Amino acid sequence: MNWDQSRAMLQRSRQSLAGGVSSPFRAKAPVPLFFDDGKGAHLWDVDGNQYIDYQLAWGPMILGYSHPAMVAALKQQVEKPLSYGAQHPLEFTVAEKIQQMVPCAERVAFTSSGSETVQLAHRLVRACTRRPKILKFEGHYHGWMDGALHSYKPQENETGPLEAPSSVSGSRGQVANAADNVVVSPWNNLELLSRILQAHPNEIAGIFLEPVLCNSGCLMPEPGYLEGVQSLAREHGCLLVFDEVITGFRIHTGGAQKHFGITPDLATFGKAVGGGVPLSVVAGKAELMEQMFTGGVVFGGTFNGNPFSLAGANVCLDELSRDDGAALRHANRMGERLMDGIRSLAAQHGVALQVTGFGTAFYLHFTTLPELRDYRDTLKDNRDLLQRFLLAALGEGVILVPDGRVYVSAVHTEQDIAATLERLGRAFAKL
Ligand SMILES: Cc1ncc(COP(=O)(O)O)c(C=O)c1O
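To start, this report covers the structure provided alongside it. It should be emphasised that the depicted structure is a prediction, and the values quoted were computed from it without experimental measurement.

1. Comments concerning the packing of helix H13 (residues 383–395) against helix H14 (residues 414–429)
Inference 1: Close contact between H13 and H14 brings their axes to 8 Å; oriented N to C, the two are set at 135°. When the axes of H13 and H14 are compared, the pair comes out oblique. Considering how the two elements wind past one another, H13 and H14 form a crossing that is right-handed. Along the contact surface, H13 presents Phe389, Ala392 and Ala393, while H14 presents Leu424, Ala427 and Phe428.
Inference 2: Within the contact of H13 with H14, the residues separate by chemical class into six nonpolar, no polar and no charged.

Written out as C-alpha coordinates, the structure is:
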(Lines give C-alpha, C1' and ligand atoms only; values in the text may rest on other atoms or scores of the structure.)
Protein backbone atom coordinates (compact mmCIF):
# COMPACT_ATOMS: atom_id res chain seq x y z
CA MET A 1 0.00 0.00 0.00
CA ASN A 2 1.51 3.34 -0.93
CA TRP A 3 0.78 6.48 1.04
CA ASP A 4 -2.08 7.51 -1.27
CA GLN A 5 -3.74 4.16 -0.64
CA SER A 6 -3.06 4.61 3.05
CA ARG A 7 -4.86 7.97 2.94
CA ALA A 8 -7.77 6.24 1.17
CA MET A 9 -7.92 3.73 4.02
CA LEU A 10 -8.04 6.61 6.48
CA GLN A 11 -10.92 8.04 4.48
CA ARG A 12 -12.75 4.71 4.74
CA SER A 13 -12.17 4.51 8.50
CA ARG A 14 -13.68 8.01 8.87
CA GLN A 15 -17.06 6.43 8.10
CA SER A 16 -16.88 4.43 11.31
CA LEU A 17 -14.38 6.06 13.65
CA ALA A 18 -14.53 9.67 14.79
CA GLY A 19 -11.45 11.32 13.34
CA GLY A 20 -10.57 8.24 11.30
CA VAL A 21 -8.45 6.38 13.85
CA SER A 22 -8.77 6.06 17.59
CA SER A 23 -5.20 6.73 18.69
CA PRO A 24 -3.30 9.96 19.30
CA PHE A 25 -1.46 9.16 16.06
CA ARG A 26 -4.59 10.53 14.37
CA ALA A 27 -4.00 14.23 14.30
CA LYS A 28 -0.26 14.42 14.07
CA ALA A 29 1.18 11.56 12.06
CA PRO A 30 3.04 12.63 8.92
CA VAL A 31 1.03 9.95 7.05
CA PRO A 32 -1.64 7.55 8.30
CA LEU A 33 -0.21 4.10 8.91
CA PHE A 34 -2.23 0.99 9.67
CA PHE A 35 -0.48 -1.69 11.70
CA ASP A 36 -1.04 -5.39 11.76
CA ASP A 37 1.58 -6.96 14.01
CA GLY A 38 4.59 -6.35 16.20
CA LYS A 39 7.37 -8.22 17.95
CA GLY A 40 10.17 -6.87 20.11
CA ALA A 41 10.96 -3.35 18.93
CA HIS A 42 9.52 -3.93 15.45
CA LEU A 43 6.13 -3.26 13.89
CA TRP A 44 4.59 -4.46 10.64
CA ASP A 45 2.02 -2.49 8.68
CA VAL A 46 -0.91 -4.10 6.89
CA ASP A 47 1.31 -4.69 3.81
CA GLY A 48 4.01 -6.44 5.76
CA ASN A 49 6.50 -3.55 5.75
CA GLN A 50 8.72 -3.73 8.82
CA TYR A 51 9.63 -0.72 10.95
CA ILE A 52 11.91 -0.16 13.93
CA ASP A 53 9.53 1.51 16.33
CA TYR A 54 10.32 4.35 18.75
CA GLN A 55 6.73 5.38 19.30
CA LEU A 56 5.96 2.37 21.51
CA ALA A 57 2.23 3.18 21.52
CA TRP A 58 3.12 6.61 22.99
CA GLY A 59 5.11 5.03 25.78
CA PRO A 60 3.58 1.94 27.38
CA MET A 61 5.43 -0.75 25.40
CA ILE A 62 8.52 -0.60 27.59
CA LEU A 63 9.04 -4.35 27.07
CA GLY A 64 8.35 -4.08 23.35
CA TYR A 65 5.63 -5.96 21.50
CA SER A 66 4.47 -9.49 22.34
CA HIS A 67 7.03 -9.94 25.11
CA PRO A 68 7.01 -13.72 25.84
CA ALA A 69 6.53 -13.32 29.61
CA MET A 70 3.65 -10.88 29.12
CA VAL A 71 2.01 -13.12 26.52
CA ALA A 72 2.29 -16.18 28.79
CA ALA A 73 0.88 -14.39 31.84
CA LEU A 74 -2.00 -12.84 29.92
CA LYS A 75 -2.87 -16.14 28.22
CA GLN A 76 -3.09 -17.75 31.62
CA GLN A 77 -5.14 -14.91 33.06
CA VAL A 78 -7.61 -14.87 30.21
CA GLU A 79 -8.83 -18.33 31.25
CA LYS A 80 -9.97 -16.83 34.55
CA PRO A 81 -12.61 -14.14 35.17
CA LEU A 82 -11.64 -10.93 33.46
CA SER A 83 -13.16 -8.86 36.20
CA TYR A 84 -14.65 -9.39 39.64
CA GLY A 85 -15.60 -5.90 40.75
CA ALA A 86 -14.37 -7.15 44.10
CA GLN A 87 -11.14 -7.96 45.90
CA HIS A 88 -8.63 -10.47 44.58
CA PRO A 89 -5.03 -11.23 45.57
CA LEU A 90 -3.31 -9.74 42.51
CA GLU A 91 -4.33 -6.32 43.80
CA PHE A 92 -2.10 -6.47 46.83
CA THR A 93 0.62 -8.48 45.02
CA VAL A 94 1.07 -5.61 42.53
CA ALA A 95 0.56 -2.92 45.17
CA GLU A 96 3.32 -4.47 47.30
CA LYS A 97 5.69 -4.50 44.32
CA ILE A 98 5.03 -0.81 43.73
CA GLN A 99 5.57 -0.10 47.43
CA GLN A 100 8.99 -1.72 47.19
CA MET A 101 9.96 0.19 44.07
CA VAL A 102 8.55 3.70 44.58
CA PRO A 103 9.64 5.84 47.55
CA CYS A 104 6.35 7.74 48.07
CA ALA A 105 4.16 4.63 47.73
CA GLU A 106 2.93 4.07 51.27
CA ARG A 107 -0.44 3.18 49.73
CA VAL A 108 -1.48 2.43 46.15
CA ALA A 109 -4.74 2.74 44.20
CA PHE A 110 -5.42 1.40 40.70
CA THR A 111 -7.38 2.81 37.84
CA SER A 112 -7.25 2.46 34.06
CA SER A 113 -5.79 5.62 32.53
CA GLY A 114 -3.39 8.41 33.38
CA SER A 115 -6.15 11.00 33.07
CA GLU A 116 -8.14 9.25 35.80
CA THR A 117 -5.15 9.09 38.13
CA VAL A 118 -4.68 12.84 37.87
CA GLN A 119 -8.38 13.38 38.54
CA LEU A 120 -8.06 11.32 41.72
CA ALA A 121 -4.87 13.12 42.75
CA HIS A 122 -6.60 16.51 42.30
CA ARG A 123 -9.38 15.34 44.58
CA LEU A 124 -7.04 13.97 47.23
CA VAL A 125 -4.96 17.15 47.51
CA ARG A 126 -8.02 19.42 47.55
CA ALA A 127 -9.69 17.31 50.23
CA CYS A 128 -6.58 17.20 52.38
CA THR A 129 -5.72 20.92 52.23
CA ARG A 130 -9.29 22.25 51.86
CA ARG A 131 -7.95 24.58 49.19
CA PRO A 132 -9.48 25.02 45.72
CA LYS A 133 -6.64 25.49 43.25
CA ILE A 134 -4.04 23.41 41.45
CA LEU A 135 -0.73 24.85 40.30
CA LYS A 136 0.69 23.38 37.12
CA PHE A 137 3.51 24.31 34.77
CA GLU A 138 3.24 25.61 31.24
CA GLY A 139 3.62 22.84 28.63
CA HIS A 140 3.04 19.99 31.11
CA TYR A 141 0.34 17.48 30.20
CA HIS A 142 -1.76 15.80 32.85
CA GLY A 143 -4.47 14.16 30.74
CA TRP A 144 -7.51 15.46 28.96
CA MET A 145 -9.99 15.99 31.82
CA ASP A 146 -11.62 19.40 32.27
CA GLY A 147 -9.67 20.26 35.41
CA ALA A 148 -6.30 19.20 34.02
CA LEU A 149 -6.10 20.25 30.37
CA HIS A 150 -4.81 23.79 30.75
CA SER A 151 -1.81 25.55 29.25
CA TYR A 152 -0.53 22.37 27.66
CA LYS A 153 0.14 23.72 24.18
CA PRO A 154 -0.94 27.37 24.27
CA GLN A 155 -0.15 29.43 21.19
CA GLU A 156 2.50 32.10 21.60
CA ASN A 157 -0.15 34.84 21.61
CA GLU A 158 -2.14 33.09 24.37
CA THR A 159 0.60 32.47 26.90
CA GLY A 160 0.48 35.83 28.70
CA PRO A 161 3.39 37.36 30.62
CA LEU A 162 6.13 34.97 31.75
CA GLU A 163 5.82 36.15 35.37
CA ALA A 164 2.08 35.30 35.42
CA PRO A 165 1.20 32.94 32.55
CA SER A 166 -2.46 32.75 31.51
CA SER A 167 -4.39 29.58 32.29
CA VAL A 168 -5.40 28.52 28.77
CA SER A 169 -8.08 25.85 28.22
CA GLY A 170 -6.94 23.11 25.87
CA SER A 171 -10.23 22.14 24.24
CA ARG A 172 -13.54 23.48 23.10
CA GLY A 173 -16.30 22.14 25.29
CA GLN A 174 -14.32 22.34 28.52
CA VAL A 175 -16.22 23.65 31.56
CA ALA A 176 -15.87 27.39 31.13
CA ASN A 177 -14.65 28.20 34.64
CA ALA A 178 -12.36 25.17 35.04
CA ALA A 179 -9.38 27.41 34.24
CA ASP A 180 -10.23 29.57 37.28
CA ASN A 181 -9.00 26.78 39.53
CA VAL A 182 -5.69 26.39 37.75
CA VAL A 183 -2.66 28.58 38.37
CA VAL A 184 0.14 28.31 35.80
CA SER A 185 3.86 28.79 36.30
CA PRO A 186 6.80 28.64 33.91
CA TRP A 187 9.03 25.55 34.26
CA ASN A 188 12.61 25.70 35.57
CA ASN A 189 12.25 29.12 37.20
CA LEU A 190 12.14 29.07 41.01
CA GLU A 191 12.03 32.82 41.43
CA LEU A 192 8.86 33.16 39.37
CA LEU A 193 7.30 30.12 41.03
CA SER A 194 7.92 31.69 44.41
CA ARG A 195 6.27 34.96 43.32
CA ILE A 196 3.28 33.13 41.83
CA LEU A 197 2.78 31.16 45.04
CA GLN A 198 2.94 34.38 47.06
CA ALA A 199 0.25 35.86 44.84
CA HIS A 200 -2.15 33.00 45.76
CA PRO A 201 -1.90 32.64 49.56
CA ASN A 202 -3.80 29.65 51.03
CA GLU A 203 -5.38 28.87 47.65
CA ILE A 204 -3.17 26.20 46.13
CA ALA A 205 -3.82 22.63 47.20
CA GLY A 206 -1.20 20.90 45.12
CA ILE A 207 1.72 21.57 42.80
CA PHE A 208 1.53 19.12 39.90
CA LEU A 209 4.45 18.54 37.56
CA GLU A 210 6.06 16.12 35.17
CA PRO A 211 9.47 15.69 36.84
CA VAL A 212 10.99 15.70 33.37
CA LEU A 213 8.89 17.85 31.02
CA CYS A 214 8.40 14.93 28.62
CA ASN A 215 5.26 16.19 26.89
CA SER A 216 6.77 19.45 25.69
CA GLY A 217 10.24 18.61 24.54
CA CYS A 218 11.66 16.26 27.22
CA LEU A 219 13.22 19.16 29.12
CA MET A 220 15.14 18.07 32.20
CA PRO A 221 14.71 19.92 35.50
CA GLU A 222 17.74 22.11 36.11
CA PRO A 223 19.99 20.99 38.97
CA GLY A 224 18.35 21.91 42.29
CA TYR A 225 15.04 22.80 40.65
CA LEU A 226 12.91 19.93 41.97
CA GLU A 227 14.39 20.39 45.46
CA GLY A 228 13.48 24.08 45.22
CA VAL A 229 9.91 23.29 44.15
CA GLN A 230 9.57 20.91 47.08
CA SER A 231 10.76 23.45 49.62
CA LEU A 232 8.46 26.14 48.15
CA ALA A 233 5.56 23.67 48.34
CA ARG A 234 6.28 23.08 52.02
CA GLU A 235 6.72 26.79 52.74
CA HIS A 236 3.30 27.53 51.21
CA GLY A 237 1.47 24.51 52.64
CA CYS A 238 0.88 22.88 49.24
CA LEU A 239 1.21 19.18 48.49
CA LEU A 240 3.70 18.10 45.84
CA VAL A 241 2.53 15.70 43.15
CA PHE A 242 4.79 14.11 40.55
CA ASP A 243 2.96 13.04 37.42
CA GLU A 244 5.12 10.05 36.53
CA VAL A 245 2.87 8.70 33.79
CA ILE A 246 5.89 8.87 31.46
CA THR A 247 8.92 8.93 33.78
CA GLY A 248 7.51 6.08 35.89
CA PHE A 249 9.36 2.85 35.12
CA ARG A 250 11.26 4.54 32.33
CA ILE A 251 13.92 6.81 33.85
CA HIS A 252 14.39 4.43 36.84
CA THR A 253 12.57 1.46 38.37
CA GLY A 254 11.65 3.77 41.24
CA GLY A 255 10.46 6.54 38.93
CA ALA A 256 11.89 10.05 38.66
CA GLN A 257 11.47 10.44 42.40
CA LYS A 258 14.08 7.75 42.97
CA HIS A 259 16.28 8.99 40.14
CA PHE A 260 16.36 12.56 41.46
CA GLY A 261 16.12 11.60 45.14
CA ILE A 262 13.03 13.68 45.90
CA THR A 263 9.96 12.07 47.43
CA PRO A 264 6.69 13.82 46.56
CA ASP A 265 3.51 13.50 48.61
CA LEU A 266 1.69 11.77 45.77
CA ALA A 267 2.60 10.38 42.38
CA THR A 268 0.65 9.18 39.37
CA PHE A 269 1.79 6.38 37.07
CA GLY A 270 0.41 4.93 33.84
CA LYS A 271 1.72 3.79 30.47
CA ALA A 272 4.79 1.61 31.20
CA VAL A 273 3.45 0.31 34.52
CA GLY A 274 1.32 -2.20 32.60
CA GLY A 275 3.62 -2.84 29.65
CA GLY A 276 0.68 -2.26 27.30
CA VAL A 277 -2.41 -3.28 29.31
CA PRO A 278 -4.60 -0.39 30.50
CA LEU A 279 -3.52 0.34 34.04
CA SER A 280 -2.64 3.41 36.02
CA VAL A 281 -1.72 4.03 39.61
CA VAL A 282 -1.94 6.68 42.27
CA ALA A 283 0.67 6.13 44.96
CA GLY A 284 1.36 8.27 47.96
CA LYS A 285 1.56 9.06 51.62
CA ALA A 286 -0.79 6.96 53.76
CA GLU A 287 -2.63 9.87 55.36
CA LEU A 288 -3.49 11.31 51.96
CA MET A 289 -4.48 8.02 50.39
CA GLU A 290 -6.50 6.86 53.40
CA GLN A 291 -8.91 9.74 52.78
CA MET A 292 -10.55 7.39 50.29
CA PHE A 293 -11.52 5.05 53.12
CA THR A 294 -12.00 7.33 56.07
CA GLY A 295 -12.11 10.89 54.79
CA GLY A 296 -15.10 10.94 52.48
CA VAL A 297 -13.13 11.14 49.26
CA VAL A 298 -15.07 9.23 46.62
CA PHE A 299 -13.20 7.28 43.97
CA GLY A 300 -14.72 4.72 41.61
CA GLY A 301 -14.28 2.89 38.35
CA THR A 302 -15.78 -0.38 37.12
CA PHE A 303 -12.47 -1.63 35.74
CA ASN A 304 -10.24 -0.44 38.58
CA GLY A 305 -7.85 -3.17 39.64
CA ASN A 306 -9.18 -5.67 37.10
CA PRO A 307 -7.22 -8.95 37.11
CA PHE A 308 -6.24 -8.83 33.45
CA SER A 309 -4.50 -5.45 33.76
CA LEU A 310 -2.89 -6.43 37.04
CA ALA A 311 -1.61 -9.70 35.57
CA GLY A 312 0.14 -7.65 32.88
CA ALA A 313 1.56 -5.19 35.39
CA ASN A 314 2.69 -8.00 37.68
CA VAL A 315 4.90 -9.44 34.94
CA CYS A 316 5.99 -6.08 33.60
CA LEU A 317 7.19 -4.93 37.03
CA ASP A 318 9.01 -8.24 37.57
CA GLU A 319 10.78 -7.92 34.25
CA LEU A 320 11.75 -4.31 34.94
CA SER A 321 13.00 -4.90 38.47
CA ARG A 322 14.90 -8.15 37.82
CA ASP A 323 18.70 -7.93 38.41
CA ASP A 324 18.32 -4.61 40.13
CA GLY A 325 16.73 -2.96 37.11
CA ALA A 326 19.02 -4.37 34.40
CA ALA A 327 16.34 -4.10 31.68
CA LEU A 328 15.81 -0.37 32.21
CA ARG A 329 19.53 0.27 32.51
CA HIS A 330 19.97 -1.42 29.13
CA ALA A 331 17.09 0.61 27.65
CA ASN A 332 18.55 3.88 28.90
CA ARG A 333 22.01 2.92 27.60
CA MET A 334 20.57 2.17 24.16
CA GLY A 335 18.70 5.46 24.23
CA GLU A 336 21.80 7.45 25.17
CA ARG A 337 23.67 5.80 22.32
CA LEU A 338 20.89 6.83 19.95
CA MET A 339 20.87 10.39 21.31
CA ASP A 340 24.63 10.73 20.77
CA GLY A 341 24.42 9.16 17.32
CA ILE A 342 21.64 11.51 16.21
CA ARG A 343 23.60 14.52 17.48
CA SER A 344 26.62 13.43 15.41
CA LEU A 345 24.50 12.84 12.31
CA ALA A 346 22.94 16.32 12.61
CA ALA A 347 26.39 17.87 12.97
CA GLN A 348 27.69 15.92 9.95
CA HIS A 349 24.78 17.18 7.84
CA GLY A 350 24.99 20.77 9.12
CA VAL A 351 21.51 20.63 10.70
CA ALA A 352 20.88 22.73 13.83
CA LEU A 353 19.43 20.22 16.30
CA GLN A 354 19.12 19.91 20.06
CA VAL A 355 18.50 16.47 21.52
CA THR A 356 17.06 16.77 25.04
CA GLY A 357 15.82 14.32 27.67
CA PHE A 358 17.11 11.01 28.94
CA GLY A 359 17.82 7.63 27.36
CA THR A 360 14.34 6.13 27.14
CA ALA A 361 12.45 9.37 26.42
CA PHE A 362 14.08 12.12 24.45
CA TYR A 363 13.17 14.76 21.92
CA LEU A 364 14.49 16.20 18.67
CA HIS A 365 14.35 19.99 18.49
CA PHE A 366 15.18 21.49 15.11
CA THR A 367 16.23 24.80 16.59
CA THR A 368 19.07 27.26 16.60
CA LEU A 369 18.68 27.91 20.33
CA PRO A 370 21.81 26.78 22.20
CA GLU A 371 19.69 25.36 25.05
CA LEU A 372 16.04 24.89 25.94
CA ARG A 373 14.70 25.51 29.45
CA ASP A 374 10.94 25.80 29.24
CA TYR A 375 7.86 25.42 27.06
CA ARG A 376 8.26 28.84 25.44
CA ASP A 377 11.69 27.86 24.12
CA THR A 378 10.08 24.92 22.31
CA LEU A 379 7.82 27.31 20.37
CA LYS A 380 10.91 28.30 18.37
CA ASP A 381 11.38 24.77 17.01
CA ASN A 382 11.19 24.49 13.22
CA ARG A 383 8.14 22.20 12.94
CA ASP A 384 8.20 22.01 9.14
CA LEU A 385 11.71 20.63 9.23
CA LEU A 386 10.67 18.16 11.94
CA GLN A 387 7.75 16.94 9.80
CA ARG A 388 10.08 16.48 6.82
CA PHE A 389 12.50 14.54 8.99
CA LEU A 390 9.76 12.32 10.44
CA LEU A 391 8.48 11.54 6.97
CA ALA A 392 11.99 10.78 5.71
CA ALA A 393 12.60 8.53 8.75
CA LEU A 394 9.33 6.72 8.12
CA GLY A 395 10.33 6.18 4.50
CA GLU A 396 13.50 4.54 5.84
CA GLY A 397 11.48 2.28 8.15
CA VAL A 398 11.90 4.16 11.43
CA ILE A 399 8.85 5.30 13.41
CA LEU A 400 9.34 8.24 15.77
CA VAL A 401 6.56 9.87 17.81
CA PRO A 402 4.84 12.44 15.56
CA ASP A 403 5.74 15.35 17.86
CA GLY A 404 9.50 14.65 17.68
CA ARG A 405 9.72 12.46 20.77
CA VAL A 406 11.62 9.18 20.80
CA TYR A 407 10.79 6.33 23.19
CA VAL A 408 13.27 3.50 23.64
CA SER A 409 12.33 0.11 25.11
CA ALA A 410 14.12 -2.63 27.01
CA VAL A 411 14.13 -4.78 23.87
CA HIS A 412 15.84 -2.38 21.46
CA THR A 413 19.13 -4.09 20.71
CA GLU A 414 22.55 -2.74 19.74
CA GLN A 415 21.76 -3.93 16.20
CA ASP A 416 18.49 -1.97 16.21
CA ILE A 417 20.32 1.17 17.28
CA ALA A 418 23.04 0.73 14.63
CA ALA A 419 20.43 0.07 11.91
CA THR A 420 18.40 3.06 13.07
CA LEU A 421 21.38 5.40 12.89
CA GLU A 422 22.20 4.19 9.39
CA ARG A 423 18.61 4.85 8.30
CA LEU A 424 18.40 8.22 10.03
CA GLY A 425 21.65 9.22 8.31
CA ARG A 426 19.82 8.77 5.00
CA ALA A 427 16.84 10.72 6.40
CA PHE A 428 19.11 13.66 7.34
CA ALA A 429 20.61 13.58 3.84
CA LYS A 430 17.11 14.08 2.39
CA LEU A 431 16.41 17.30 4.35
C1 LIG B 1 2.41 12.97 32.08
C2 LIG B 1 1.08 12.45 31.65
N3 LIG B 1 0.05 12.50 32.51
C4 LIG B 1 -1.16 12.02 32.19
C5 LIG B 1 -1.39 11.48 30.95
C6 LIG B 1 -2.75 10.95 30.60
O7 LIG B 1 -2.68 9.56 30.48
P8 LIG B 1 -3.77 8.74 29.62
O9 LIG B 1 -3.50 9.05 28.18
O10 LIG B 1 -3.49 7.30 29.97
O11 LIG B 1 -5.10 9.21 30.06
C12 LIG B 1 -0.37 11.41 30.03
C13 LIG B 1 -0.59 10.85 28.68
O14 LIG B 1 0.18 11.00 27.77
C15 LIG B 1 0.90 11.91 30.38
O16 LIG B 1 1.93 11.89 29.52
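The rest of the description comes next.
2. With respect to the environment of Ala286
Inference 1: Considering the arrangement of structural elements, one finds Ala286 in helix H9 (residues 286–289).
Inference 2: Residues Ala286 and Val245 lie 41 residues apart in sequence; the distance between their C-alpha atoms is 20 Å.
Inference 3: When near neighbours in sequence (up to four residues on either side) are disregarded, Ala286 contacts Glu106 and Arg107.

3. Quick look at the sheet that holds strand S14 (residues 405–407)
Inference 1: Ordered by their spatial adjacency, three strands build an open sheet running S11-S12-S14, and the pairing between neighbours is antiparallel. Looking at the sheet topology across the chains shown, the edges are occupied by strand S11 (354–358) and S14. When the angles between neighbouring strand axes are averaged without regard to direction, this sheet yields 20°.
Inference 2: Where S11 lies against strand S12 (residues 361–365), five bridges are found, and the strand directions are antiparallel. Paired with Gln354 across the bridge in S12 is His365.

Procedures and definitions
Residues numbered from 1 in each chain as written. Predicted model: local features only at pLDDT ≥ 70, side-chain atom pairs only at ≥ 80, totals over all residues. Heavy atoms only, no water. Axes fitted to C-alpha atoms, helices over the stretch in contact; angles between N-to-C directions. Helix = DSSP H or I, 4+ residues; strand = E, 2+ residues; numbered from the N terminus. Parallel < 35°, antiparallel > 145°, perpendicular 65-115°, else oblique. Left-handed = near helix turned anticlockwise from the far one by under 90°. Contact = heavy atoms within 4.5 Å. Nonpolar A, V, L, I, M, F, W, Y, C, P; charged D, E, K, R; others polar. Pairing = 2+ DSSP bridges.

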